[in-house]
Amino acid sequence: MMHVPLLKRHMQSQINNAIGDRFSLPSQDTTTQSIAEHGVRCLLIFEYCYFLLQKEKSPAEQDVIPLAIKEYKDFNVAATVCKAVETAVQQHDQNVDELCQALLQVVLENPCRFLP
């Protein structure tokens, strides 16, 4: 098993290489919605990574993140998540506690939808 700091650097590198500009980290021009989308997207992708690593015939650790991102893109989960996050931000932008609960609900309602 990889050492945690090494795994963290490896995961960040894999994410940066695999998701490209459309899914890049928020810049200085961030909005509540862009940050929320990024957070929800990461949670869903990491959930799928966990699922993949639990399988009896799991892929190699270095292959898990690109595979999870590919599945996320191939099953077009992004459109559903984007719309749900947009709605949550519009409804709860002024109340952080409510927004966090709404975003968590988005994650819970879209658990590994792209699983085979």
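Check the entry above for the structure.
First, a word on scope: everything that follows refers to the structure included in this document.

So, how was this worked out
Residues numbered from 1 in each chain as written. Predicted model: local features only at pLDDT ≥ 70, side-chain atom pairs only at ≥ 80, totals over all residues. Heavy atoms only, no water. Helix = DSSP H or I, 4+ residues; strand = E, 2+ residues; numbered from the N terminus. Buried < 20%, exposed > 50% of the residue type's maximum accessible area, 1.4 Å probe, protein only. Contact = heavy atoms within 4.5 Å. Areas by Shrake-Rupley, 256 points an atom, 1.4 Å probe, with all protein chains shown as cover. Expected span 1.5 Å × (residues − 1). Arc of directions from axis to C-beta. Salt bridge = Lys/Arg side-chain N within 4 Å of Asp/Glu carboxyl O.

A look at the overall build of the protein chain
Counting its regular elements, the protein chain contains 5 helices and 0 strands. Across the 116 residues of the protein chain, 32% fall into the buried class. Taking the intrachain contacts of the protein chain between residues at least 6 apart in sequence as the baseline, contacts between residues at least 24 apart amount to 62%. Working note: accessible area of the protein chain is about 7,600 Å², and carbon and sulfur atoms make up 55% of it.

Some remarks on helix H4 (residues 77–92)
When the terminal C-alpha atoms of H4 are compared, their 22 Å separation across 16 residues agrees well with the 22 Å that a helix rising 1.5 Å per residue should span. Considered for burial, the residues of H4 that qualify are Val77, Ala78, Val81, Val85, Ala88, Val89 and His92. In an axial view of H4, the angular spread of the buried residues amounts to 95 degrees, which keeps them on one side of the axis. In H4, the exposed positions that point more than 90 degrees away from the buried face belong to Lys83, Gln90 and Gln91. Buried residues along H4 sit against helix H2 (32–54), helix H3 (61–74) and helix H5 (96–109).

Section: the pattern of salt bridges
The final tally for this structure, using the stated rule, is 1 salt bridge. Among the salt bridges present, the one from Glu37 reaches Arg41, with a minimum N-O distance of 3.9 Å. Taken as a pair, Glu37 and Arg41 lie in helix H2 at a separation of 4 residues, close to a single helical turn. A residue is classified by how much of its surface remains accessible, and Glu37, at 12% relative accessible area, is buried. For Arg41, a relative accessible area of 8% corresponds to the buried category.

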